[in-house]
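# Close look at the chain arrangement
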Amino acid sequence: MTLLQIMPDDAPHEVLLRTLDTAEIARELAAHQVTLRHWPLRATVTPGLADGALLDLYRAEVAELCASESMTVVDVARLHVEPGEEWRRRASRARSAFLEEHRHAEDEVRFFAHGRGCFSLHLGDRVYAVVCEAGDLLSVPAGTRHWFDMGERPDFAAIRFFREEDGWVGDFTGTSIAAGFPGLDDLTEGGL
């Protein structure tokens, strides 16, 4: 289930709102031009499903979004749990890549086809932690300060949309704000 938790940016342990109500989540985010939509799930995404096959499952939705939002680059970002130390190192590196506050020069648009991840959006004087689940499509406007947590045992597949090849490159703010806020595992501890 999709989750939203809002906290003051100077008091990460003070919860102003915590909700699983997708309509309420969409309203709260829309006030900041962040869009949460849902696409129907087409199939169970397994590690053996090739990226091209995953994109084929959502061909119509991808084409429509690309046309309506002028997206020209589409790819798949994914990590699935594997046994062994090498996977743990790879997962740790991937997780740490976007755990610090950053922004992008273009909109960040992600569809979760499998698993989940947490976008923490620094909007004004608040942090909006949005746990996205399979079926969620999140669009975050260019320039929005945020960080992304895939948890200690990442298991997700997301279709990413860009206008330019380097649209995913983060401009890091250099602040340490993200370290004080709950991450994906903290927010979902004990289940949603």
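To start, this report covers the structure provided alongside it. (Residues numbered from 1 in each chain as written. Predicted model: local features only at pLDDT ≥ 70, side-chain atom pairs only at ≥ 80, totals over all residues. Heavy atoms only, no water.)

## Here's the deal with the overall build of the chain
- On a plain count of helices and strands, the chain comes out with five helices and 11 strands.
- Taking 2.2 N^0.38 as the reference for a compact globule, 192 residues should give roughly 16 Å; the C-alpha atoms of the chain span a radius of gyration of 16 Å, in line with that estimate.
- In terms of overall dimensions, the chain has a C-alpha envelope of 45 × 40 × 30 Å along the principal axes.
- Looking at the chain alone, contacts between residues at least 24 apart form 75% of all its contacts between residues at least 6 apart.
- Entry remark: accessible area of the chain is about 9,200 Å², with carbon and sulfur atoms responsible for 50%.
- When the 19 basic and 33 acidic side-chain charges of the chain are each reduced to a single mean position, those positions are 4 Å apart. (Helix = DSSP H or I, 4+ residues; strand = E, 2+ residues; numbered from the N terminus. Rg over C-alpha atoms; globule rule 2.2 N^0.38 Å. Contact = heavy atoms within 4.5 Å. Areas by Shrake-Rupley, 256 points an atom, 1.4 Å probe, with all protein chains shown as cover. Lys, Arg positive; Asp, Glu negative; His and termini not counted. Charge placed at Lys NZ, Arg CZ, Asp CG, Glu CD.)

## A word on unusual backbone geometry
- The backbone of Gln 33 shows a phi angle near 65°, a positive value even though the residue is not glycine.
- One can find Gln 33 in the loop between α1 (22-30) and β3 (35-38).
- Of note in this structure, Ser 70 is not a glycine but carries a positive phi near 55°.
- By relative accessible area, Ser 70 is classed as partly exposed at 49%. (Buried < 20%, exposed > 50% of the residue type's maximum accessible area, 1.4 Å probe, protein only.)

## Overview of the pattern of salt bridges
- For the structure on display, the rule yields 15 salt bridges.
- When the shortest N-O distance is used, the salt bridge between Glu 86 and Arg 93 registers 3.9 Å.
- By relative accessible area, which is 43% here, Glu 86 ends up partly exposed.
- Among the ionic contacts, a cluster of salt bridges with common partners joins Glu 85, Glu 86, Arg 88, Arg 89 and Arg 93. (Salt bridge = Lys/Arg side-chain N within 4 Å of Asp/Glu carboxyl O.)

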